[in-house]
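Coordinate analysis (summary)
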Amino acid sequence: MTNTHKTISTHIPGFPRIGAARELKFALERNWRGELSDAELEDVGRDLRARHWALQRDAGLDFVTVGDFAFYDQVANHIQLLGCEPARYGFQPDQPQLSRYFTMARGRGAANTHAAHADHDAGCGCGARDADALPAAAALEMTKWFDTNYHYLVPEFTPETAFTLACERLFDEVAEAKALGHAVKAALIGPLTFLWLGKAKTDGFDRLSLLDKLLPIYGQILDRLKAQGVQWVQIDEPILGIDLPAPWRSAFENSYWQLNQVGVPLLLATYFSPLEENLSLACRLPVAGLHVDGVRAPQELASIADWLPVHKVLSVGIVDGRNIWRTDLDAALAVLQPIVDKRAGKLWLSSSCSLLHVPFTLAAETALDAETRSWLAFATEKLAELNTLKQALHADAGADTALATSRAAIASRRASPRVHQQAVRDRLEHLPAGADQRRAHFAERQAAQRARFRLPNFPTTTIGSFPQTPAIRAARASFKRGDLSLTDYEAAMRAEIADAVQRQEALGLDVLVHGEAERNDMVEYFGEQLDGFAFTQHGWVQSYGSRCVKPPIIYGDVSRPQAMTVSWTVHAQSLTGKPMKGMLTGPITILQWSFVRDDQPRARTALQIALAIRDEVADLEHAGIGIIQIDEPAVREGLPLRRSRWTAYLDWATHAFRVSASAVGDATQIHTHMCYAEFNDILPQIAAMDADVITIETSRSDMELLNGFGQFRYPNEIGPGVYDIHSPRVPDQQEMVRLLHKASAVIPPANLWVNPDCGLKTRGWAETESALRNMVAAAHQLRAVY
Ligand SMILES: Nc1nc2c(c(=O)[nH]1)N[C@@H](CNc1ccc(C(=O)N[C@@H](CCC(=O)N[C@@H](CCC(=O)N[C@@H](CCC(=O)O)C(=O)O)C(=O)O)C(=O)O)cc1)CN2
Ligand SMILES: [Zn+2]
């Protein structure tokens, strides 16, 4: 390495806030149950921040990042910082900020009830307790953060929306970090991305028109940060990586010209996607530095290194913030070396994006086999990688040991016989043409299925999971600790299944489910049973609020050593004369919600998973299960951020689904399920999946989402969700009848199913049974009419 001047700096766009042992999750849920005071919760937050900053400093980073912490969500923090809490909450100025924050995040029930709380199960001590007089208010809508499995709270905008600098939290955190002696880089979501992520609540309102009111508040924030002596302010504008309408693109230059006047150095941060037509704009903006995602868009690094004016800092996100693989440091150095030469003194190294999307540390993974473990780097280990890269570029011999270890791990992963399975490769190679086609067309299958199942019109069913009660979770925890034997655990789960079947029979549902009691998570559960997957003990990643997921790790060719769900499903079917729906997670969702290998195209991994699911489908059919659901809630989330890449993705994604679903006879009915998403963009591809029945989440949009399916003349059967499962509120019969009439106006009634929006695992039994009782009654009412 040539550069001996120690001029390269390191930083990260953000760090996970949930805590090494999910301390934040447990503190939040105790606070919501009223078991932990607000002051105690603030202490937990302060303690976590201090520990996370210390980790960054001790790893050798040149700055700690302040502003990435949030008690629920970073976008929600900005709603308070910018003083734009929606008026519909009717907050009083004297209401404590934290209680307002959780009310926006979780909703507020009517006086003395907890009816409108989102996520009631996690405790219900929030809004209602200090706001008896205020009317019920639904939580802010939640939606996916770009193409991740993280969900943010959606800001609401109207022509009346006003902004003020309304929250001291960010400045308090900066003061905390400074008091601890850290070099501080503060992080903010940029004004354009903030407006883009919000939703206009008035028809036809253009939220970009709020920009002129918003910029002065950003100016005030920057003034304050400057006065506090922060060295840099990172401003995230990830929307520079998507296809932006022209007015949004052209708003950047003037906005950043204004913000740059403050005189605090700004690092404009982009990530997740190539800049493409925004590349020269991003290089030109009047800011002191630009951060780019060198993992998702390595092909752009050379031109950015050329085009970005030499006085500006270039921050290269070279360590993958979206995946858990150890960085190939030699490959990274080969990419970085030419840039070092071009950008003397103005190069920073970073993770590609915030480390929010990866687990905290590998140190806790004592059960992972040593070989697999050596291939991985979680958030904490990624900090060390950045330091090694910096040392290597500084020609500092201190990097040599780390480089050697890394080299050995990369070589071991490349050569490991555990990664490559010839049988899997051969099967993919020789997949017969037509393996992704059902034998007959839908009309013929529909006739065969009607003759077989003789279901009434408006058949009723549920989406799969029933309440994951504390007893179920405790039994599983006890089994995993070794306190409960496999036999006893399985007996307990079989009893839960029997209970769920009995309750469904009593409710009079037409197509039953076993309830998924034996599953920790719909993706992790399958990952644990498939070859080519590894799973962690503590690899939690925040999904929303206090809710986390533990994504499995796909490290090798995927195969299914044995049937995964057959005995549970057959047990459930043996308890009832009604059809029992087999319940599987589809290949795209397993792919999307796992950490995926980066040594082959995603399409190939998806197809390997599809073949494993295909075998499971065949085994279920062989065991007499006539209806099989293959859940694909993550198809829309997997769409590339750039439209130009949609077709290629949708082609392999629908192919993989069809491969998983097509091995069955005409009279076997395949269902799929998708949660709330912008379906209209991809209706032809949803139709091309050719499931006999699709259930979708529609109740929150008042069935509006169904219009697209109607206009498109969606050919197969549909179950539009008739009630929202995110709230414990019990919908009444008439409400659901109204929605079903609405649905019948756009979809032929003979093709309609009746079901909730999604699975019921986060609900309690009492509200579940009441809601389903009303749902079955609503279906009966419709049958009498059509
Ligand atoms: N992977 C995935 N992504 C998804 C969804 C999903 O279902 N799965 N749904 C959408 C919404 N996202 C969601 C994400 C998480 C949860 C959720 O409920 N998470 C649970 C964990 C679920 C789980 O894996 N539970 C395990 C482990 C539970 C656990 O933490 N146990 C304790 C001990 C508990 C005890 O002693 O009782 C421990 O291990 O420390 C189990 O049931 O076995 C949580 O954070 O609380 C819900 C929705 C979109 N993305
Ligand atoms: Zn769902």
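Under an unreviewed UniProt entry, the protein chain has the name 5-methyltetrahydropteroyltriglutamate--homocysteine methyltransferase and belongs to Duganella dendranthematis. According to the UniProt record, the Pathway (unreviewed entry) comment for the protein chain reads "Amino-acid biosynthesis; L-methionine biosynthesis via de novo pathway; L-methionine from L-homocysteine (MetE route): step 1/1." Within the UniProt record for the protein chain, the comment given under Catalytic activity (unreviewed entry) is "5-methyltetrahydropteroyltri-L-glutamate + L-homocysteine = tetrahydropteroyltri-L-glutamate + L-methionine".

Turning next to the nonpolar core. As a rule of thumb, nonpolar side chains are buried together in soluble globular proteins. Membership of the largest hydrophobic core comes to 138 residues, with the highest contact counts inside it found for Trp-145, Phe-163, Phe-194, Leu-225 and Tyr-256. When residues of this core are assigned to domains, at least three fall in each of domain 1 (8–18 + 45–75 + 174–355 + 363–415) and domain 2 (442–470 + 496–783). Discounting residues that sit within four places of it in the chain, Tyr-256 has contacts with Gly-190, Pro-191, Leu-192, Ile-235, Glu-237, Leu-266, Leu-268, Leu-285, Pro-286 and Val-287. Trp-568, Val-596, Leu-739 and Ala-779 belong to the second-largest nonpolar core, a separate cluster that totals 94 residues.

Time to look at the pairing of strand E8 (residues 232–236). By the criterion of burial, E8 is predominantly enclosed, with 5 of the 5 residues buried. Neither face of E8 is left uncovered, since the one carrying Trp-232, Gln-234 and Asp-236 and the one carrying Val-233 and Ile-235 both have all their residues buried. Note that E8 and strand E9 (residues 266–269) share 4 bridges and pair parallel. Bridged to Val-233 within E9 is Leu-266. Note that the unit made of E8, helix H8 (residues 246–260) and E9 has a crossover that is right-handed.

What follows covers the site of ligand 1. Taken together, 22 residues lie near ligand 1, and Lys-25, Arg-476, Asp-521, Arg-547 and Lys-761 sit nearest. Taking Arg-22, its side chain carries an N or O atom lying 3.2 Å from an oxygen atom of ligand 1. Cys-548 places a polar main-chain atom, nitrogen or oxygen, 2.8 Å from an oxygen atom of ligand 1. Notes on ligand 1: free accessible area 980 Å², of which the protein chains cover 76%. Listing elements by their share of the shell around ligand 1, those giving two or more residues are helix H17 (470–481), strand E14 (541–544) and strand E15 (547–549). At 4 residues, the largest contribution of residues to the shell around ligand 1 is made by H17.

Most of strand E11 (residues 313–319) sits inside the fold, with 7 of its 7 residues counted as buried. Both strand E10 (residues 289–293) and E11 contribute to a ladder of 5 bridges, which runs parallel. Across the sheet, residue His-291 finds its bridge partner in E11, namely Ser-315. Between the parallel pair E10 and E11, the chain is carried across by helix H10 (residues 301–307), and the sense of this crossover is right-handed. Alignment of E11 against strand E12 (residues 347–351), held across 5 bridges, turns out to be parallel. Looking across to E12, one finds that Gly-317 is bridged to Ser-350. You can see the chain leave E11, run along helix H11 (residues 329–342) and come back into E12, and the turn it takes is right-handed.

Under the local residue numbering, the UniProt record ascribes the feature "binding site: Zn(2+)" (unreviewed entry) to His-673, Cys-675, Glu-697 and Cys-758. Across 86 residues in sequence, these annotated residues keep their C-alpha atoms within 8.5 Å of one another, forming a single compact spot. Looking at the secondary structure, you find Glu-697 in the loop between strand E20 (693–696) and helix H25 (704–711). By relative accessible area, Glu-697 is classed as buried at 2%. Among residues more than four places away in sequence, those in contact with Glu-697 are Met-674, Cys-675, Tyr-676, Phe-679, Leu-705, His-726, Asp-757 and Cys-758. Within the secondary structure, Cys-758 is located in the loop between helix H26 (733–746) and helix H27 (765–785). Looking at Cys-758, the relative accessible area reads 16%, which means it is buried. If we ignore the near neighbours within four places in the chain, the residues touching Cys-758 are Ile-463, His-673, Cys-675, Glu-697 and Ile-725.

So, about the side chain of Asp-631. Relative to the helices and strands, Asp-631 is located in strand E18 (residues 627–631). No salt bridge is formed by the buried Asp-631; the nearest opposite charge belongs to Arg-519, separated by 6.0 Å. Apart from the residues within four sequence positions on either side, Asp-631 is in contact with Ile-463, Met-522, Met-583, Leu-584, Thr-585, Gly-586, Thr-589, Thr-672 and His-673.

Conventions we followed
- Residues numbered from 1 in each chain as written.
- Chains lettered and ligands numbered in written order.
- Predicted model: local features only at pLDDT ≥ 70, side-chain atom pairs only at ≥ 80, totals over all residues.
- Heavy atoms only, no water.
- UniProt positions renumbered as here; feature names shortened; annotations may be inferred.
- Core = buried A, V, L, I, M, F, W, Y, C linked by side-chain atoms within 4.5 Å.
- Buried < 20%, exposed > 50% of the residue type's maximum accessible area, 1.4 Å probe, protein only.
- Domains from an automatic or database assignment.
- Contact = heavy atoms within 4.5 Å.
- Helix = DSSP H or I, 4+ residues; strand = E, 2+ residues; numbered from the N terminus.
- Pairing = 2+ DSSP bridges.
- Right-handed = clockwise from strand over helix to strand, strands pointing away.
- Near = heavy atom within 4 Å.
- Polar contact = N/O pair within 3.5 Å; in protein donor to acceptor, adjacent residues only side chain to side chain.
- Areas by Shrake-Rupley, 256 points an atom, 1.4 Å probe, with all protein chains shown as cover.
- Lys, Arg positive; Asp, Glu negative; His and termini not counted.
- Salt bridge = Lys/Arg side-chain N within 4 Å of Asp/Glu carboxyl O.

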